[in-house]
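Okay, here's what each chain looks like letter by letter:
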Amino acid sequence: MSQKAYNVAVAGATGAVGNQMIQCLEERNFPVKTLRLLASARSKGRKLRFHGDELPVEVMDANSFKGIDIALFSAGGGASLEFAPAAAAGAVVVDNSSAWRMDPDVPLVVPEVNPHAIAGYTKKGIIANPNCSTIQMVVALNPLHKEARIRRIVVSTYQAVSGTGKKAIEELVDQTRAMMNFLDVPRKVYPHRIAFNCLPHIDKFEANGYTREELKMVNETRKIMEAPEIGVTATTVRVPVFFGHSESVNIETEKKLTVARVRELLEKAPGVKLVDDTSKNEYPMPKDGAGQDLTLVGRIREDESISNGINMWIVADNIRKGAATNAVQIAEVLAENYL
């Protein structure tokens, strides 16, 4: 890591991901000279801790980024579209929303997969952080793609409510409490009850029947892996889990991959932890992924219905590696190699 220190801003500092960005900056000892915490007017007057100090939360506006070197955004797509260009006039923006991900002039980066793409930040001053479910999948699939070239990906996700935000976490708590006490179930965030239920519906439905979340996984995977020819199809499901997304992933490759070779590749892959011993009932679960930055992979087996198929189960903390940690890792590469 560079010995230079940087003026850093966190936009959306009071949200779940913004909070985690601050924690990751501290945990990873990112060289912060000054830290500016930004949020909407609703958070005015709040203070958040960083390295033992209480820092005030400021109301974000177009002038909030003067003197800032790196701005980590997790304030939603609308705020990113409004403020990221202004921030990028003097800083480099790492944006966690979907606003800039598919812009051809904005690199979409997972540091374990395509760190070289960060060099493209000079076009607009913005680097996009991918969707949480996409991040953990490509971390696991990239070494297999390099070895055997992936033709097709079929993925079903089981996504925690924290991916929607703090209000969704609170809704799961409130609904669970209400059901256990035989009370009416409150519902504000999701169109149906999430407690003791699964919703095959994340983000808005498009005309083709897919949700935007599903199409994000399709398009972002191709862009990050620099492989527009890969066939990708996704079904994304919200489940009553607080933290940690899980994915059932099936791939078809050009070259034959044995289970032994897949395990060998994943054991050496950056950011991956193999948890795959069914004789001991060892496989990744959301409770294991929550609170850490590794992507956990298990249940690896050949798909016996096709010649070159592999099934696997992938788990990661959606707030950490799926958002905040990935953004800070991008900032680390940026600081080390480009600023």
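Predicted model, so just to flag it, every value in this text is computed and none were measured. (Residues numbered from 1 in each chain as written. Predicted model: local features only at pLDDT ≥ 70, side-chain atom pairs only at ≥ 80, totals over all residues. Heavy atoms only, no water.)

Caption draft 1: The overall build of the protein, seen in detail. Looking only at helices and strands, one finds eight helices and 13 strands in the protein. Taking 2.2 N^0.38 as the reference for a compact globule, 339 residues should give roughly 20 Å; the C-alpha atoms of the protein span a radius of gyration of 20 Å, in line with that estimate. Projected onto its principal axes, the C-alpha positions of the protein cover 60 × 55 × 40 Å. Burial status across the protein gives 53% buried among its 339 residues. Long-range contacts, defined as pairs at least 24 residues apart, comprise 65% of the intrachain contacts of the protein with a sequence gap of at least 6. Total accessible area on the protein is roughly 15,100 Å²; 49% of this is exposed by carbon and sulfur atoms. One finds the centroid of the 41 positive side-chain charges in the protein at a distance of 3 Å from the centroid of its 40 negative side-chain charges. (Helix = DSSP H or I, 4+ residues; strand = E, 2+ residues; numbered from the N terminus. Rg over C-alpha atoms; globule rule 2.2 N^0.38 Å. Buried < 20%, exposed > 50% of the residue type's maximum accessible area, 1.4 Å probe, protein only. Contact = heavy atoms within 4.5 Å. Areas by Shrake-Rupley, 256 points an atom, 1.4 Å probe, with all protein chains shown as cover. Lys, Arg positive; Asp, Glu negative; His and termini not counted. Charge placed at Lys NZ, Arg CZ, Asp CG, Glu CD.)

Caption draft 2: Just helix α6 (residues 259-268), in detail. All buried positions along α6 are accounted for by Val-259, Val-262, Leu-265 and Leu-266. Projection of α6 onto a plane perpendicular to its axis shows the buried side chains occupying an angular sector of 125°, all on one side. Of the exposed residues in α6, those oriented more than 90 degrees away from the buried face are Ala-260, Glu-267 and Lys-268. Residues of α6 that are buried in the fold lie against α3 (132-148), β11 (272-274), β12 (295-302) and β13 (309-316). (Arc of directions from axis to C-beta.)

Caption draft 3: Expanded view of unusual backbone geometry. Here Asn-281, not a glycine, exhibits a phi torsion of approximately 55°, which is positive. Here Asn-281 is to be found in the loop between β11 and α7 (286-289). The exposure class of Asn-281 is exposed, given its relative accessible area of 56%. The phi angle at Arg-299 is positive, at roughly 50°, despite the residue not being glycine. Here Arg-299 lies in strand β12. Classification of Arg-299 by relative accessible area gives partly exposed; the value is 35%.

Caption draft 4: Main features of the side chain of Glu-171. With respect to the helices and strands, Glu-171 occurs in helix α4 (residues 166-180). No salt bridge is formed by the buried Glu-171, whose closest oppositely charged neighbour, Arg-187, lies at an N-O distance of 6.8 Å. Of the polar contacts made by the side chain of Glu-171, one reaches the backbone nitrogen of Lys-188; its length is 2.7 Å. If we ignore the near neighbours within four places in the chain, the residues touching Glu-171 are Pro-186, Arg-187, Lys-188, Val-189 and Tyr-190. (Salt bridge = Lys/Arg side-chain N within 4 Å of Asp/Glu carboxyl O. Polar contact = N/O pair within 3.5 Å; in protein donor to acceptor, adjacent residues only side chain to side chain.)

Caption draft 5: Focus on the pattern of salt bridges. For the coordinates displayed, the defined rule picks out 19 salt bridges. A salt bridge links Glu-302 to Lys-256, with the nearest nitrogen and oxygen atoms 2.8 Å apart. Taken together, the residues Glu-302 in strand β12 and Lys-256 in the loop between β10 (245-253) and α6 connect sequence positions 46 residues apart. Assessed through its relative accessible area of 32%, Glu-302 is described here as partly exposed. Taken together, the shared-partner salt bridges in this structure form one network comprising Glu-147, Lys-255, Arg-261 and Glu-264.

Caption draft 6: Broad picture of the sheet that holds β10. Strand order across the open sheet formed by six strands is β9-β8-β10-β13-β12-β11, with mixed pairing between neighbours. Both edges of this open sheet fall to β9 (231-238) and β11, since each of them pairs with a single strand only. Within this sheet the neighbouring strands show an average axis-to-axis angle of 25°, counted without direction. Where strand β8 (residues 150-159) and β10 come together, eight bridges link them in antiparallel fashion. Looking across to β10, one finds that Arg-152 is bridged to Glu-252. Together, β11, β12 and β13 form the strand contacts of α6, whose direction differs from that of β12 by roughly 170°. (Pairing = 2+ DSSP bridges. Axes fitted to C-alpha atoms, helices over the stretch in contact; angles between N-to-C directions.)

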